[in-house]
Structure formats: structure tokens, C-alpha cells
Amino acid sequence: MTDLPNPIFCALDTPTTAGAVELGRTVAPHVGGLKLGLEFFMAAGPAGVRAVAEIGRPVFLDLKLHDIPNTVAGAIRSVVPLAPAFITLHASGGPAMMRAALDAAHETAASANLARPRLLGVTVLTSLDAEDLSAVGQDDEVARQVGRLATLARAAGLDGVVCAPGEIARLRAQMGPEFGLMVPGIRPAGAGADDQKRVMTPQQAMAAGADHLVIGRPITRAADPAEAARHIAESLRHDHP
Ligand code: C5P
């Protein structure tokens, strides 16, 4: 699924449209896309997404939807006109919810003459450990639960999952070459980990089988974000000619 020449999605983790647009414009020449999360969407809404989309890079709308199938399908219908390249939803919402989301994405995109956004499943949040999974009644073996939810997502027709660096190799082996793996927790060699517990360099993640990399603070908090993004993109081109 490596169909973009540049696999980097820069996470614009800010609540303001002006901030996201400024940062987005700065890094746009050096990244494959721009990621907007719940913080941004809650504050800036669809108008904010449209403003970022106007920069001209694919937008990853990381909304992590999770509700009954009818409601998630409605949410998908509401955001498809914003033409996002990717939307996330929780695989733990179940097969019917994922299928309803996919159907809604197909139908809304077709009737608006847009490319269908790719839907990515969220498996186990990396903030949860075995004890947390057990507390909510899920399989407390994190890797097994990730594999189970990824398999469910694929069976429902989703295009891939968001996964932690440490899960790439196993999921790539388990899910095959066509299943998309979007990977946060990426840190260039020598960069601080911030609050990320298990990180990989961009090169390591791509070599392990990632399709796309979500990179936030190593770019957005750099003294020169454009140069930081350019440097990472350049390092990947060298490794993956
Ligand atoms: O700044 P940093 O590179 O850590 O940003 C990573 C981005 O990926 C943030 O938007 C964060 O919410 C998101 N993310 C993550 N870990 C996950 C899932 C998403 O860091 N497991």
C-alpha cells in the first residue's frame, strides 16, 4: 500500500486553524500528508479541515470513531465531503460498525465524485497495558488482542490499521503485503522520545514493513520544522531509492 512517494504524515496537533495552516504550509513540500486529530477537529471543525486541505496535501483525519453502526456511518457521511485520504475508527466497535462505515464511505464518495477515503482501524491504544485490557474484559495479551482486532478489521474490508512500531513486523507477516500499516511513535535517530515509550526511527519502521509514518513533535517542535521534515524525507529516500 506504499502508494505515496513520501510516507510521512505530519501530525498537526494544535487546536487552531491558523496554527495548523501555518505549520501545514511550512512542512507541506517535505511530507506526504497532514494528520489532524480530535483536538483540532473538536475546536476547528469541518471548516478547519477544509482550510488545511486547501494546502494541497492528503489529509489524515484521525477521529477514532466508535459508536453504533448507524451513527458511525452518519459520521463518515458527514466527513467524506471534506475529502480526507484516511479516517480512523476503533476496530473494537465490531464488524457491523466497520462494514457500515465502509459502505457509507463508498456511497458518499461515489455520489460526490470523490476518491473513497481509506479507513484504518485502531486496535489497542498504546496507552493501555495488559492490566488495563484485563480491567475492561479484553484479552490481556496485548499482541494477541492487536492481532485479533487487525484480523477483524481486514475481514470487515478496512484498508489497514494504525499500529505501534513494535507491532509492524508481526502484523505485516500476519496480514500480508496489501494491508495498510500507519505507524506513529517515530523518532529520528538522536531525537528525544517525548512521552512515546517504544519508538523506532523512520528507516527502521519502513524496513519493518510500515506504509506510512505519523511524525509530530520531531518536526513540529523543531527549530526549523521544514528542515526537520526535509531531513527525515531525505533520509528515507536514501534508504528506499
Ligand atoms: O509528536 P508525536 O510524533 O509523538 O505525535 C504522534 C502523533 O500520533 C500524535 O498525533 C498522537 O496522537 C498520534 N498517536 C500516537 N500513538 C498512537 C496513536 C496515535 O502517538 N498509538
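On a predicted model such as this, the values are computed, not experimentally measured, just so you know.

Scoring rules and cut-offs
Residues numbered from 1 in each chain as written. Predicted model: local features only at pLDDT ≥ 70, side-chain atom pairs only at ≥ 80, totals over all residues. Heavy atoms only, no water. Core = buried A, V, L, I, M, F, W, Y, C linked by side-chain atoms within 4.5 Å. Buried < 20%, exposed > 50% of the residue type's maximum accessible area, 1.4 Å probe, protein only. Helix = DSSP H or I, 4+ residues; strand = E, 2+ residues; numbered from the N terminus. Contact = heavy atoms within 4.5 Å. Pairing = 2+ DSSP bridges. Axes fitted to C-alpha atoms, helices over the stretch in contact; angles between N-to-C directions. Phe/Tyr/Trp six-rings, centres within 6.5 Å; stacked < 30°, edge-to-face > 60°. Salt bridge = Lys/Arg side-chain N within 4 Å of Asp/Glu carboxyl O.

Asks: Just checking my understanding: could you explain the nonpolar core for this structure?
Replies: Across soluble globular proteins, nonpolar side chains have a tendency to be buried as a group. Within the largest apolar cluster, 64 residues are counted, with the highest numbers of intra-cluster contacts made by L36, V52, L61, I76, L119 and L213. For this core, the element with the most residues is helix α4 (residues 95-111), which contributes eight residues. Not counting chain neighbours up to four residues away, the residues in contact with L213 comprise P7, I8, F9, V183, I186, P202, A205, M206 and L236. Within the second largest apolar cluster, nine residues are counted, among which are A11, F86, V162 and V214.

Asks: Would you mind going over the sheet that holds strand β2 (residues 33-37) with me for this structure?
Replies: The strands making up a sheet associate through hydrogen bonds between their backbones, and the pairing can be parallel or antiparallel. Here we have eight strands rolled up into a closed barrel, ordered β1-β2-β3-β4-β5-β6-β7-β8, and parallel in their pairing. Between one strand and the next, the sheet's axes are offset by a mean angle of 25°, whatever the strand orientation. In the sheet, strand β4 (residues 86-90) pairs with strand β5 (residues 118-122) via five bridges, with the strands oriented parallel. By the bridge assignment for β5, F86 is matched with R118. On the sheet, helix α3 (residues 69-79) packs against β3 (59-65), β4 and β5 and is oriented at approximately 160° with respect to β3.

Asks: Sorry, what's going on with unusual backbone geometry here?
Replies: Excluding glycine, residues mostly have negative phi values, and the peptide bonds linking residues are mostly trans. The backbone of A83 sits at a positive phi, close to 60°, despite the residue not being glycine. Residue placement: A83 occurs in the loop between α3 and β4. Phi is positive for D194, which is not a glycine, with a value near 55°. With respect to the helices and strands, the residue D194 is situated in the loop between β7 (180-183) and α8 (202-208). Assessed through its relative accessible area of 49%, D194 is described here as partly exposed.

Asks: Please explain the packing of aromatic side chains as it appears in this structure.
Replies: Summed over the entire model, instances satisfying the criterion amount to three aromatic pairs. Consider the rings of F9 and F60, whose centres lie 6.1 Å apart with planes at 85°: the pair is edge-to-face. Placement of the pair is F9 in strand β1 (residues 8-11) and F60 in strand β3, with a sequence separation of 51 residues. Here the two residues F9 and F60 agree in accessibility, since each one is buried. An angle of 70° between the planes, with centres 6.0 Å apart, marks the rings of F60 and F86 as edge-to-face.

Asks: Sorry, what's going on with the pattern of salt bridges here?
Replies: Any two side chains of opposite charge can pair, given that their charged atoms come close. With the rule as written, the count across this model stands at 11 salt bridges. Between R187 and D194 there is a salt bridge, with the nearest N and O atoms lying 3.0 Å from each other. What makes R187 buried here is its relative accessible area of 6%. R237 is the partner of E234 in a salt bridge, and the nearest nitrogen-oxygen pair spans 3.1 Å. With E234 and R237 both in helix α10 (residues 225-239), this residue pair falls three residues apart, about one helical turn. Looking at E234, the relative accessible area reads 28%, which means it is partly exposed. One continuous salt-bridge network, built from bridges that share partners, spans R187, D194, D195 and R217.

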